[in-house]
Amino acid sequence: MPFQSPTLSPTRRGSLLPAAIPILILAAVLITMPAAQAKSLKLSHDFGSVWRGTVQRESVRVTAPADQTVTIRKTRTSCGCLRIAQCPASIPAGTSADIVLALDTNTLEGKVSFTAYIETDVAKMRLIKVKTLANVTSLLRVTPPAIDFGTNTWGSTVSPRRVKLEQTTGVHPRILTVSTDHPALQASLLERPSDLSPN
């Protein structure tokens, strides 16, 4: 009797197709399903007009999603003059917390802008960017702004240089003392008015 290869009946052949379709569809869905993308949350704060030489402290409020606690992983700023003075380790789901920013204006002048960065573990607010603005005004104008004593012999006394202080605002600052950051450099007032007169 000659050998005959096995054949599938129409009923059995048709029963294999419905079982294969769901598997192929499920695989396609799993492969094409996009992963959650990390997003940035952008905030801003304006310190307004401030005096140079002061440290300004302000807070910004951050709210966690209703269904997820926010854990703070890392913080940094774009300038050493701006620091994050206070920041919670985490913000419970559905609640808000204040993040305190401190701006040191000792080396600043005019309109400035810096950014604080706060990294979290939540994808929808992975990086919180807080843009800060300020307009720093000096009470006094120093003329000239820098002094060059030139080249001098060791142990010699250098001829003194003069600088002029002028008021730049309607505020009359009272000069109490003058000092330097090195014992070899001495400073004193040639005139000691009770306060500076307007220009």
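Attention in this report is confined to the structure presented alongside it. These figures come from a predicted structure and were not determined experimentally. (Residues numbered from 1 in each chain as written. Predicted model: local features only at pLDDT ≥ 70, side-chain atom pairs only at ≥ 80, totals over all residues. Heavy atoms only, no water.)

1. Notes on the environment of F114
Right, so step 1: One can find F114 in strand β7 (residues 110-120).
Right, so step 2: Ignoring anything within four residues of it in the chain, the contact list for F114 reads S78, C79, C81, L82, L103, L108, V130, K131 and T132. (Helix = DSSP H or I, 4+ residues; strand = E, 2+ residues; numbered from the N terminus. Contact = heavy atoms within 4.5 Å.)

2. Considering the pairing of strand β8 (residues 127-137)
Right, so step 1: Where strand β1 (residues 40-51) meets β8, 10 bridges bridge the pair, whose relative direction is parallel. If you follow L43 over to β8, its bridge partner there is V130.
Right, so step 2: Strand direction decides the pairing type here: β7 and β8, joined by 10 bridges, are antiparallel. The residue of β8 that forms the bridge with F114 is T132.
Right, so step 3: Once β7 ends, the chain turns through 6 residues before running back antiparallel as β8. (Pairing = 2+ DSSP bridges.)

3. Here we look at a nonpolar patch on the surface
Right, so step 1: Together, V142, I147, F149, V163, L165 and L185 make up an exposed nonpolar region whose accessible area comes to about 440 Å².
Right, so step 2: Tracing the backbone shows L185 in the segment after β10 (164-167). (Patch = residues over 30% accessible without salt bridge, like charges linked within 9 Å, V, L, I, M, F, W, Y side chains within 5 Å. Areas by Shrake-Rupley, 256 points an atom, 1.4 Å probe, with all protein chains shown as cover. Salt bridge = Lys/Arg side-chain N within 4 Å of Asp/Glu carboxyl O.)

4. Re the packing of aromatic side chains
Right, so step 1: Following the criterion strictly, the structure yields 0 aromatic pairs and no others.
Right, so step 2: Stacked on the ring of Y117, the Lys or Arg R76 has its end atom at 4.2 Å from the ring centre. (Phe/Tyr/Trp six-rings, centres within 6.5 Å; stacked < 30°, edge-to-face > 60°. Lys NZ or Arg CZ within 6 Å of the ring centre and 35° of its normal.)

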